[in-house]
Amino acid sequence: MLLFLARGVPLLLAHRTTTRCLSLLPRPVSVGSARIKFSTVFVSATGQNTTAMPERRPFVRLPTDVYPVNYGLSLKPDLIDFTFEGKLEALAEVTQATNQIVMNCADIDIITASFAPQGGEEINATGFNYQNEDEKVTLSFPSALQKGSGTLKIDYVGELNDKMKGFYRSKYTAPTGEIRYAAVTQFEATDARRAFPCWDEPAIKATFDITLIVPKDRVALSNMNVIDRKPYPEDENLVEVKFATTPIMSTYLVAFVIGEYDFVESQSSDGVTVRVYTPIGKAEQGKFALEVATKTLPFYKDYFSVPYPLPKIDLIAIADFAAGAMENWGLVTYRETALLIDPKNSCSSSKQWVALVVGHELAHQWFGNLVTMEWWTHLWLNEGFASWIEYLCVDHCFPEYDIWTQFVSADYTRALDLDALDSSHPIEVNVGHPSEVDEIFDAISYSKGASVIRMLHNYIGDEDFRKGMNAYLLKFQHKNASTEDLWDCLEEASGKPIAAVMGSWTKQMGFPIILVDQEQVSNDRILKISQKKFCASGPHDGEDCPSWMVPISICTSADPTCTKLKVLLDRPETTITLSGIGPDQWIKINPGTVGFYRIQYSSSMLESVLPGIRDLSLQPVDRLGLQNDLFSLLHKQADMQEEKNRIERVLGAISAPDLIQKVLNFALSKNHHLLLQCAFFTTRGQKN
């Protein structure tokens, strides 16, 4: 799923972060209809008020003595009173005798509940105990439910809320000017429980049979295709829409939408029906997203060597939507600005943004939906992977975008800047209560996650990476997996120590600066390479300096676009000899700016690379990376004048003296990135 956060790059207007907007203020807790703040006031024995934080009970996942096999779900929303009626008939398996069933439930009132063992008599529940703080309900039965299969039946009512989560109402203006409402869903991470009582954890998968009872003049959509639509016998103004059975899937990926929409339709080359749903009268604005989707599905099928498993996919623009987009299986929901393109008025950056968001969400149809993380701790991998492969997909579909240079300018450099702060955090952080997901999912998890996946792909090589991805998807399809499961598959495919390498990047915050010096011996170039932690606040002065297993790539002036040598720096320092490198040739570390680290060259080595900047043989993305590294070092050098001179020598290789001076003056004060990027893009086509 994507959310918007301002990017530090002019070409892209927004950035993805967490599943919800982050807030610096304490979140209130919902208890029924009441709102309770985290801090509670206590009165001491002396009569004085003292403020304390109540102890939070440890989070406990759902019991495993009963689990769902199939949800039969019927929903009847009221778009005037903003309520809905629900009927749940879930085929469940009892693994050990119990007289209660514990499920997730929030903002729902259960009317009746019963359990009918297969071949046995129906047992009515005698009580519903709501644990509002934990968003759970315990159904109590007068006798033990015996081991085996049975059907759990629940009748309940709920509210079409205005919180943009769960099953909620979305306000829009009809072409007539009238204000109307659609009923839509947003379930990630833990809001399916607001639409129906369920086992709302990603590892508890089941199939779904969904029926919607809706006004006959409204469009009704869900994850699967419609298999029956008939008049509702109790009201001639309503119709009953039944959808095909879904594959086995997690509750957070279930979706349904009821509203007024136009659509444009096409088919991918694989025969998958693709539709883009738009507000009434705006079908034309869905054509670009349709083009992207029909190109993207075959790309992922070919890349993963796994076909898209559903017969259709719908992409729909929602008027009120908290996220940027959500990857519900077969029914992807979007904020309007992330899906619609006005062919007459939208700029090229908007088209690129839509292409990236569509590529991101469709990647999740495999990586996240077909194979799902076992728990929210591993959500970083879902999002980091999709945030990387969206660029790979867009580069394939629209090579003219030069999208990888934009990745470096946006995600990569932003992640480096944030991860250099003392306030950063590791990519992978253990998540207990699902509400903690909001606290850790930011640009570190998304942008750094995407950057280290990109580095991993480069380290393994595309062929072995694809082989490992295919093995992972086939082994865990329709199941759940952890981060380590992916590392195992990639390790087996490549023969490289993937788990050890990636553990050093995902389980500790920060990244290294690579210090490089060179010596020419006859026709050999000897490189001395070392690493230390890079800190925005100055050199790392702790006793225990962290280290990384760093994939190092090296190119030369003979072919700046081709990697001549790859090594794994798995120690604080090493020496590398490159044969057949003459004194007049230059060497560049990290071609393509793929490795997630900064580089500090010796003065002589930096001087030797200047011809590659002057004749533009050094790729634009490498010139950008080089300049960015130099400026990041500027404020922490003991000799500021020497560092300023180093930068002037690099920038002086391009003809824009006035602009260079402005960049330097600005960088010596504060926030330099926008001007630096402007200087880079302004001068990238100039030659001396």
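All values derive from a computational prediction rather than experimental measurement.

## Side note on the overall build of the chain
When you go through the chain residue by residue, the secondary structure sums to 15 helices and 33 strands. For the chain, the proportion of its 688 residues judged to be buried stands at 56%. Considering only contacts within the chain whose residues lie at least 6 apart along the sequence, 68% involve residues at least 24 apart. Carbon and sulfur atoms form 51% of the exposed surface of the chain, whose accessible area is close to 27900 Å².

## Description of the sheet that holds strand S31 (residues 573-579)
In space, the four strands of this open sheet follow the order S31-S28-S27-S33, with mixed pairing throughout. The outermost strands of the open sheet, each flanked by one partner alone, are S31 and strand S33 (598-601). With strand direction ignored, the average angle separating the axes of adjacent strands in the sheet is 25°. Pairing of strand S27 (residues 512-521) with S33 involves four bridges; the strand directions are parallel.

## Focus: the pattern of salt bridges
Under the counting rule described, the total for this entry stands at 29 salt bridges. Ionic pairing is found between arginine 193 and aspartate 200, a salt bridge with its closest N-O pair at 2.9 Å. The residues arginine 193 and aspartate 200 share a single accessibility class, namely buried. Between arginine 466 and aspartate 302 there is a salt bridge whose closest N-O contact spans 3.3 Å. On the criterion of sequence distance, the pair formed by arginine 466 in helix H7 (residues 462-476) and aspartate 302 in helix H1 (residues 287-304) is long-range, its members being 164 residues apart. Take arginine 466: its relative accessible area is 25%, and that puts it in the partly exposed class. Taken together, the shared-partner salt bridges connect Asp107, Glu135, Lys163, Asp191, Arg193, Arg194 and Asp200 into one network.

## A look at the pairing of strand S20 (residues 262-267)
In terms of strand pairing, S20 meets strand S21 (residues 273-278) through six bridges, oriented antiparallel. Looking at S21, one finds that valine 264 is bridged to valine 276.

## Observations concerning H1
Over its 18 residues, H1 extends 26 Å from the first C-alpha to the last, a length consistent with the 26 Å expected when each residue adds 1.5 Å. When you tally the buried positions in H1, you get 13 out of 18 residues, the bulk of the element. Phi for serine 305, located one or two positions after H1, is positive at around 55°.

## Here we look at the packing of helix H3 (residues 379-397) against helix H4 (residues 403-419)
Relative orientation of the contacting elements H3 and H4 amounts to 155°, with a least axis distance of 9 Å. For the element pair H3 / H4, the angle class is roughly antiparallel. Crossing angle aside, the handedness with which H3 passes H4 is right-handed. The residues of H4 that touch H3, namely those facing Ser387, Trp388, Tyr391, Leu392, Val394 and Asp395, are Ile403, Trp404, Phe407 and Asp411. For the contact of H3 with H4, the per-class residue count stands at seven nonpolar, one polar and two charged.

## Quick notes on the UniProt feature "binding site: Zn(2+)" (unreviewed entry) in the chain
Cross-referencing UniProt, the feature "binding site: Zn(2+)" (unreviewed entry) maps to His360, His364 and Glu383 in the present numbering. Considering the C-alpha atoms alone, the annotated residues occupy 24 residues of sequence yet fold into one spot, their largest mutual distance being 8.5 Å. Histidine 360 sits in the buried class, given a relative accessible area of 0%. For glutamate 383, the position within the fold is in helix H3.

## Some remarks on the confidence of the model for the chain
Predicted coordinates in areas of low pLDDT are best not read in detail. When pLDDT is averaged along the chain, the result is 85, and 83% of the positions lie at 70 or above. Contacts of residues 5-54 to residues separated by more than four positions or lying in other chains number 114 contacts, the stretch itself having pLDDT below 50. Contacts for the low-pLDDT stretch residues 663-688, under 50 throughout, to residues beyond four places or in other chains number 59 contacts.

## Re the state of the cysteines
The final tally for this structure, using the stated rule, is zero disulfides. Cysteine cysteine 535 remains unbridged, with the sulfur of cysteine 545 as its closest cysteine sulfur at 7.9 Å. The exposure class of cysteine 535 is buried, given its relative accessible area of 6%.

## Examining a nonpolar patch on the surface
A contiguous nonpolar surface patch, about 230 Å² in accessible area, is contributed by Tyr67, Val69 and Leu91. With respect to the element layout, leucine 91 can be found in strand S6 (residues 83-94). A relative accessible area of 36% means that leucine 91 is categorised as partly exposed.

## A word on the packing of aromatic side chains
Under the defined criterion, the tally for this structure stands at 37 aromatic pairs. Measuring from ring centre to ring centre gives 5.1 Å for phenylalanine 167 and phenylalanine 256, while their planes differ by 90°; the resulting arrangement is edge-to-face. Here phenylalanine 167, found in strand S13 (residues 166-173), pairs with phenylalanine 256, found in strand S19 (residues 256-259); they are 89 residues apart in sequence, far enough to count as distant. Here the aromatic rings of phenylalanine 288 and phenylalanine 398 are separated by 5.8 Å at their centres, their planes lie at 35°, and the arrangement is tilted. Note that phenylalanine 288 is positioned in helix H1 and phenylalanine 398 in the loop between H3 and H4, a separation of 110 residues in sequence. Residue phenylalanine 288 shares its accessibility class with phenylalanine 398, and that shared class is buried. Among the aromatic residues, ring-to-ring pairing joins Phe299, Tyr300, Tyr303, Phe304, Tyr308, Trp366, Phe367, Phe385, Trp388, Phe465, Tyr472 and Phe476 into one connected group. Just above the ring of phenylalanine 82 sits the side chain of arginine 169; from NZ or CZ to the centre is 4.3 Å. Sitting above the plane of the tyrosine 459 ring, lysine 496 keeps its charged end 4.6 Å from the centroid.

## Notes on the sheet that holds strand S24 (residues 331-335)
Pairing is mixed across the open sheet formed by five strands, whose spatial order is S20-S21-S22-S24-S23. The open sheet has two free edges, formed respectively by S20 and strand S23 (325-326), since each of these has just one partner strand. The pairing of S21 with strand S22 (residues 312-318) spans five bridges and is classified as parallel. Looking across to S22, one finds that threonine 273 is bridged to lysine 312. Where H1 meets the sheet, it contacts S20, S21 and S22, and its direction lies at approximately 155° from that of S21. The sheet strands contacting helix H2 (residues 348-364) are S22, S23 and S24, and the helix crosses S24 at an angle near 150°.

So, how was this worked out
Residues numbered from 1 in each chain as written. Predicted model: local features only at pLDDT ≥ 70, side-chain atom pairs only at ≥ 80, totals over all residues. Heavy atoms only, no water. Helix = DSSP H or I, 4+ residues; strand = E, 2+ residues; numbered from the N terminus. Buried < 20%, exposed > 50% of the residue type's maximum accessible area, 1.4 Å probe, protein only. Contact = heavy atoms within 4.5 Å. Areas by Shrake-Rupley, 256 points an atom, 1.4 Å probe, with all protein chains shown as cover. Pairing = 2+ DSSP bridges. Axes fitted to C-alpha atoms, helices over the stretch in contact; angles between N-to-C directions. Salt bridge = Lys/Arg side-chain N within 4 Å of Asp/Glu carboxyl O. Expected span 1.5 Å × (residues − 1). Parallel < 35°, antiparallel > 145°, perpendicular 65-115°, else oblique. Left-handed = near helix turned anticlockwise from the far one by under 90°. Nonpolar A, V, L, I, M, F, W, Y, C, P; charged D, E, K, R; others polar. UniProt positions renumbered as here; feature names shortened; annotations may be inferred. pLDDT = per-residue confidence, 0-100. Disulfide = S-S within 2.5 Å. Patch = residues over 30% accessible without salt bridge, like charges linked within 9 Å, V, L, I, M, F, W, Y side chains within 5 Å. Phe/Tyr/Trp six-rings, centres within 6.5 Å; stacked < 30°, edge-to-face > 60°. Lys NZ or Arg CZ within 6 Å of the ring centre and 35° of its normal.

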